[in-house]
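# Summary of structural features
These are the residues of each chain, in order.
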Amino acid sequence: MHANIRLFSIMKHLVVIRHHLTTDGLCFIRLLRIFLVIIWLCLLWSAFSDTAQAGPQRLPDYVGSAQCQECHQDAYESWKVSHHALAWTTPDAANILGDFNQSSFEHLGVMTRFSKGKGIHYIETDGPDGALTKYPVAGVAGIEPLQQYLLETEPGKLQSFDVVWDVEKQRWYHLYPEQELYGGNGLHWTGPYKNWNARCAECHATGFEKNYAPANRSYASTQSEIGVGCEACHGPGEAHNIWADPDLIYDADDWQGVSQVGLTMDFNRGVEATIQQCASCHARREPYTDGNPLPGTPFHDAYRLSTLREGLYHPDGQILDEVYVYGSFLQSKMYAKGVGCIDCHNAHAADLKADGNTVCTQCHSPAGNSNFPSLKLANYDDPSHHFHETGSAGAQCKSCHMIERTYMGIDGRRDHSFRVPRPDLSVRLRTPNACSDCHSDKTATWAAEQVAEWYPDGSHTTPHFAETLAPARVNAAAEVEGLIGMATYGGLPGIVRASALELLIQIDDPSIAERTALLLDDSDAMVRSAAVRLQRGVRDSVAVQRLAPLLEDSSRTVRMAAAREFLTISAVRLPPSLNSTLQMARSEWQQSLAAKTDFPETHIIIAGVGLATRQFDAALAAFQEVVTQDPQYVAAWTMMVRIHAALGDRNAALGVVDSAIKANPSDVSLSLLRADLLQ
């Protein structure tokens, strides 16, 4: 490597040697011959060294956002005051906005006190055992509209505290005021679902590694930087810094997976790559890795995106629970037409590019936008379009096309599916609509009549997938034809089609596997992944033939889905050539599970594998870990009882159900289960 540099250095030394040799009386011709031979030998050595001694390519290291400031001053100044930069900060007086001047907050009989002394801020509240404990604040999450504080309950284990600070109203409030949560409950602030290391940190830090040790349930988490720094989006900066420094020598062959400028995320790869990079945090998804995937990693190689599941989305795809944008945006016409995140948002300041309707009229106007030639040229910011008084709340694009829902008590988030209001669906399916959000004193029927009057051509009352998805959530078997139609119609967004396939999984009908087999080759990874499970209804030999190619799919999500299905296929039927590919895909799946052993949900999957393979001891151990982490996971207790009973160990079953009742004394199903055992 760097042969020219080494050669130049050798020649400089040879010049010095020549001087000494000639002064000693050697003839110049003889010296020249020696000189040329040495050069030739050096070149041979250099070539051999490059081939035989060159080290392997490596990933760049993280260097910190401060390293970016010198060359990218404007971007750095915009970023450092953004919500990204302040997503996680140190517990200093400059960062903490809450009232820690001996203030207090009472919730369901628990008094929490906030104080400070000698530069340290303290929160005294009920700990994991219910006893009042005084914790120093270990970290700060967010800046507005609320600020949350992190407490270290065990060395390295950070928990998100449920009493948070309302920045606007200057008050303490509880995130879950209706829930009666005490120490030992999985949903208590000390429980697994409020663990910062597992549930939050990867989207509030840069270069985060969780480093969970299952043996003692401890964390040794690390990060290159708290807060969402430059490298969280662009990738680690070591190679880029060398590329940018004129005094250093940059060789792209030294680095693994970097762009022409030495970064792992190349924003010149196009809109889709940029969207997926943003989606790595702005999505409701299941992670596959121990921490932050390398920026630039395709979304479906790092995460499994949630479909339009009940409880997360309304049946028409509108947001219900906190789903963090990506799933709703995938449903939009804007996404289908190539609009990306940074068409509306400033990448570094993380705010909108313009105020009010102006952010929309940069495209939706008589002038249009040459980047989107199919866009209809019209005056959208006008009563002829929005039917409201100019300047009123109803005249705002976001009021009709981006409904807002409040999460964490006061944090308003907008639906990014950019849909038209459909009060007609509200009448039939009880889905929400933007009209009723503002006109709360009027009925959905009134709103539907208004829309019908404005659009007599029926353009805003066309058939909608919700008309199939809503009843299918109640009885999927009665909607098989509609669900298959949704899944196979390429005009619908992939997330919608995958949602239809997910509902079909619960139906025991072998013909569904045949009718959806073509979707195993669909262009959308979510659709391919969902279609995999439907092949359970076919013969093993057919399943092998159809699923084997997916073990080498371009998407990790699909490869792992295929690997899971092979658990139900008899191993003796697999051709030898398939074993290596299967083991690689299965290894990816196992690694993804190993990265989430601090999730009770992961051990439910492991227990399911144990049951499917008739390894009952493994299943029992996995269910036991579930209830150790979350004692209120009644379904896991119930499965343990049933396994012991099925194995003929009545005493063990009674012991488990007694432990379950102690942890869940008000659960009637457990008492009934115990009564069944005693019969």
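A quick note: this is a predicted structure, and the numbers were derived from the prediction, not measured.

Along its length, the protein carries 29 helices and 16 strands. On the principal axes, the C-alpha backbone points of the protein span a range of 110 × 75 × 70 Å. Classification of the 679 residues of the protein by burial places 44% in the buried group. Total accessible area on the protein is roughly 34,500 Å²; 54% of this is exposed by carbon and sulfur atoms. Separation of charge centres in the protein, based on 55 positive and 78 negative side chains, amounts to 4 Å.

Turning to helix α7 (residues 271-279), its buried residues number three or more, namely A273, T274, I275, Q276, Q277 and A279. Looking at the buried side of α7, the elements it contacts are α5 (230-234), β13 (285-287), α8 (299-302), α9 (326-329) and α10 (333-336).

Now for the nonpolar core. Of all hydrophobic cores here, the largest spans 67 residues; its most connected members are L483, L501, L504 and F566. At seven residues, helix α19 (residues 494-504) tops the list of elements feeding residues into this core. Residues in contact with L501, not counting those within four places in the same chain, are A487, T516, L519, V527, A530, A531 and L534. Among the nonpolar cores identified, the runner-up in size contains 21 residues, and V627, V641, I643 and L677 belong to it.

In contact at an axis separation of 8 Å, helix α27 (residues 634-646) and helix α28 (residues 650-663) are set at 165° when each is read in the N-to-C sense. With respect to α28, the element α27 is oriented roughly antiparallel. Considering only the axes of α27 and α28, their crossing is left-handed. Between α27 and α28, the residues in contact are W637, M640, V641, H644 and A645 and A652, A653, V656, V657, S659, A660 and A663, respectively.

The subject of this paragraph is the packing of helix α23 (residues 556-565) against helix α24 (residues 576-594). In a pair of packed helices, the angle between the axes and the distance between the axes together describe the arrangement. Two numbers describe how α23 lies on α24: the axes approach to 8 Å, and their chain directions differ by 105°. Classified by the angle between their axes, α23 and α24 sit roughly perpendicular to one another. Residues R556, R559, M560, A563 and R564 of α23 touch α24, and the partners they reach there are L582, A585, R586, E588, W589, Q591 and S592. Residue composition of the contact of α23 with α24, grouped by class: five nonpolar, two polar and five charged.

All right, on to the side chain of S160 then. In this fold, S160 is placed in strand β6 (residues 157-160). Residue classification places S160 among the buried positions, given a relative accessible area of 6%. For S160, the residues in contact, after removing those within four places along its chain, are Q148, Y149, L150, W189, K194, W196 and C200.

Note on aromatic pairs: each is described by the distance of the centres and the angle between the planes. In this structure the tally under the stated criterion is 17 aromatic pairs. Ring geometry for Y76 against W79: centres 5.4 Å apart, planes inclined by 45°, an arrangement best described as tilted. Pair noted here: Y76 and W79 are both in helix α3 (residues 73-80), with a separation of three residues, about one helical turn. Ring-pair connections join several aromatic residues into one group, and the members of that group are F100, F114, Y149, W165 and W172. The lysine or arginine in question, R199, covers the ring of F599, its NZ or CZ lying 3.9 Å from the ring centre. Above the ring of W446, the side-chain terminus of K442 is found at 4.6 Å from the ring centroid.

Turning to unusual backbone geometry, a few remarks are in order. Omega for the bond connecting E144 with P145 falls within 30 degrees of zero, at 0°, which places this linkage in the cis form. Within the secondary structure, P145 is located in the loop between β4 (132-141) and β5 (146-154). Phi is positive for N211, close to 55°, though the residue is something other than glycine. Given the relative accessible area of 29%, N211 is considered partly exposed. Even without being glycine, R217 reaches a positive phi, approximately 50°.

So, on to the state of the cysteines. Counting across every chain of the model gives zero disulfides. We note that C71 lacks a disulfide partner, and the nearest cysteine sulfur, in C68, lies 8.7 Å from it. Looking at C71, the relative accessible area reads 59%, which means it is exposed. C435 supplies the cysteine sulfur nearest to C400, a cysteine that is in no disulfide, at a spacing of 6.3 Å.

To continue, consider the pattern of salt bridges. Scanning all chains against the criterion turns up 28 salt bridges. In this structure, R285 and E202 form a salt bridge, with 3.4 Å as the shortest nitrogen-oxygen distance. In this pair, R285 sits in strand β13 while E202 sits in the loop between α4 (196-199) and β9 (205-206), placing the two residues 83 residues apart along the sequence. For R285, a relative accessible area of 17% puts it in the buried group. Judged by relative accessible area, which is 10%, E202 ranks as buried. Among the ionic pairs, E467 bridges to R428, the shortest N-O distance being 2.8 Å. Of the two residues, E467 is situated in helix α17 (residues 466-474) and R428 in helix α14 (residues 423-429); the sequence distance between them amounts to 39 residues. According to the relative accessible area criterion, E467 is partly exposed, its value standing at 32%. For R428, a relative accessible area of 46% puts it in the partly exposed group.

Model confidence for the protein is summarised by a mean pLDDT of 91, while 91% of its residues fall at 70 or above. pLDDT under 50 marks residues 34-54. Its contacts with residues more than four places away, or in other chains, come to 17 contacts.

Along the chain, N197 falls in helix α4. The buried category is assigned to N197, whose relative accessible area is 5%. For the pair N197 and A531, spaced 334 residues apart in sequence, the C-alpha separation works out to 33 Å. In contact with N197, not counting residues within four places along its chain, are G156, K157, L158, F208, K210, Y219 and S221. Of note is the side chain of N197, whose polar atom sits 3.0 Å from the side chain of S221.

With that out of the way, let us pick up the pairing of β6. Neither face of β6 is open: one carries K157 and Q159, the other L158 and S160, and all of them are buried. Across four bridges, the pairing between β5 and β6 is antiparallel. Looking at β6, one finds that E154 is bridged to K157. Count of turn residues in the β5/β6 antiparallel hairpin: two residues, of which G156 carries a positive phi of about 85°.

Next up on the list: helix α22 (residues 540-547). For α22, every residue scored as buried is listed here: V542, A543, V544 and L547. Against the buried residues of α22 lie α21 (525-533), α23 and α24.

Basis of the calculations
Residues numbered from 1 in each chain as written. Predicted model: local features only at pLDDT ≥ 70, side-chain atom pairs only at ≥ 80, totals over all residues. Heavy atoms only, no water. Helix = DSSP H or I, 4+ residues; strand = E, 2+ residues; numbered from the N terminus. Buried < 20%, exposed > 50% of the residue type's maximum accessible area, 1.4 Å probe, protein only. Areas by Shrake-Rupley, 256 points an atom, 1.4 Å probe, with all protein chains shown as cover. Lys, Arg positive; Asp, Glu negative; His and termini not counted. Charge placed at Lys NZ, Arg CZ, Asp CG, Glu CD. Contact = heavy atoms within 4.5 Å. Core = buried A, V, L, I, M, F, W, Y, C linked by side-chain atoms within 4.5 Å. Axes fitted to C-alpha atoms, helices over the stretch in contact; angles between N-to-C directions. Parallel < 35°, antiparallel > 145°, perpendicular 65-115°, else oblique. Left-handed = near helix turned anticlockwise from the far one by under 90°. Nonpolar A, V, L, I, M, F, W, Y, C, P; charged D, E, K, R; others polar. Phe/Tyr/Trp six-rings, centres within 6.5 Å; stacked < 30°, edge-to-face > 60°. Lys NZ or Arg CZ within 6 Å of the ring centre and 35° of its normal. Disulfide = S-S within 2.5 Å. Salt bridge = Lys/Arg side-chain N within 4 Å of Asp/Glu carboxyl O. pLDDT = per-residue confidence, 0-100. Polar contact = N/O pair within 3.5 Å; in protein donor to acceptor, adjacent residues only side chain to side chain. Pairing = 2+ DSSP bridges.

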